[in-house]
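Fold and geometry: a report
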Amino acid sequence: MAARPKLHYPNGRGRMESVRWVLAAAGVEFDEEFLETKEQLHKLQDGNHLLFQQVPMVEIDGMKLVQTRSILHYIADKHNLFGKDLKERTLIDMYVEGTLDLLELLIMHPFLKPDDQQKEVVNMAQKAIIRYFPVFEKILRGHGQNFLVGNQLSLADVILLQTILALEEKIPNILSAFPFLQEYTVKLSNIPTIKRFLEPGSKKKPPPDEIYVRTVYNIFKP
């Protein structure tokens, strides 16, 4: 029996949360080894476990994968979440890249100065409502299907749902002008594997707090 994937990252969302999401959506059980000190990071670096000296890192199928997008692609491809042909994979990749640009704003938000955090919430809302959500609303309205690509769950759906739900934590009415995305979010959230991940007690991480921010600074500060 193959070993379960092991995720190496601090105990919080960051760039590893998307990896948790796609593993959970695929129904894959995984283990986590949380980084809590700079010494733990140095041990991974000195042991040649991190190709570019940084995390996220996922041990899976005898490999030590780094670079978030490469990790996501591998897991999605392995578990049939990356389309049926080159055209579908390209569409999925394009949608994922766009959504990750928006998600990056959420990832960096807790590390901003307090005075800048509320301004950034306004900026995130504007970008979501003006640039990103209209694209996905049009796609869903145009083909009338439950998923973004190929009428089956893909990496693009998983990352978009992750981003929508994270934004709703800060801006509860963020989807008020997007009825197709509202319906889409409800349907995806009720897929059994995703529904389990959204329930209390799962490995889904809570919104970043001061303890997480302080831990990250202590691990990664020069």
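All figures in this text were calculated on a predicted structure; none of them were measured in a lab.

Here the focus is the pairing of strand β4 (residues 63-66). Here four bridges tie strand β3 (residues 57-60) to β4, and the two strands are oriented antiparallel to one another. Counted as the bridge partner of Met 57 is Val 66 from β4. Between β3 and β4, which pair antiparallel one after the other, the connecting turn spans two residues, and Asp 61 there sits at a positive phi close to 50°.

Moving on: the UniProt feature "domain: GST C-terminal" (unreviewed entry) in the protein. If you check UniProt for "domain: GST C-terminal" (unreviewed entry), the listed places come out as residues 85-208 in our numbering. As annotated, residues 85-208 comprises 70% helix and 0% strand, and the C-alpha atoms at either end are separated by 37 Å.

The next thing to look at is the domain arrangement of the protein. Partitioning the protein into domains gives domain 1 (4-77 + 196-218) and domain 2 (84-189). With 20 residues of domain 1 at the contact, the number on the domain 2 side is 20 residues. For the pairing of domain 1 and domain 2, the buried interface totals around 1600 Å² over both sides, and the portion due to carbon and sulfur atoms is 66%. It is Arg 15, Trp 21 and Arg 69 that lose the most area in domain 1 upon contact with domain 2, and together they represent 31% of the buried surface on that side. Inspection of the region where domain 1 meets domain 2 yields three salt bridges. Residue Arg 69 is joined to Glu 97 by a salt bridge in which the shortest nitrogen-to-oxygen separation is 2.8 Å. Seen at the junction of domain 1 and domain 2, the total is six residue pairs in polar contact (both at pLDDT 80 or more).

Conventions we followed
- Residues numbered from 1 in each chain as written.
- Predicted model: local features only at pLDDT ≥ 70, side-chain atom pairs only at ≥ 80, totals over all residues.
- Heavy atoms only, no water.
- Pairing = 2+ DSSP bridges.
- Helix = DSSP H or I, 4+ residues; strand = E, 2+ residues; numbered from the N terminus.
- UniProt positions renumbered as here; feature names shortened; annotations may be inferred.
- Domains from an automatic or database assignment.
- Contact = heavy atoms within 4.5 Å.
- Buried area = accessible area lost by both parts, 1.4 Å probe.
- Salt bridge = Lys/Arg side-chain N within 4 Å of Asp/Glu carboxyl O.
- Polar contact = N/O pair within 3.5 Å; in protein donor to acceptor, adjacent residues only side chain to side chain.

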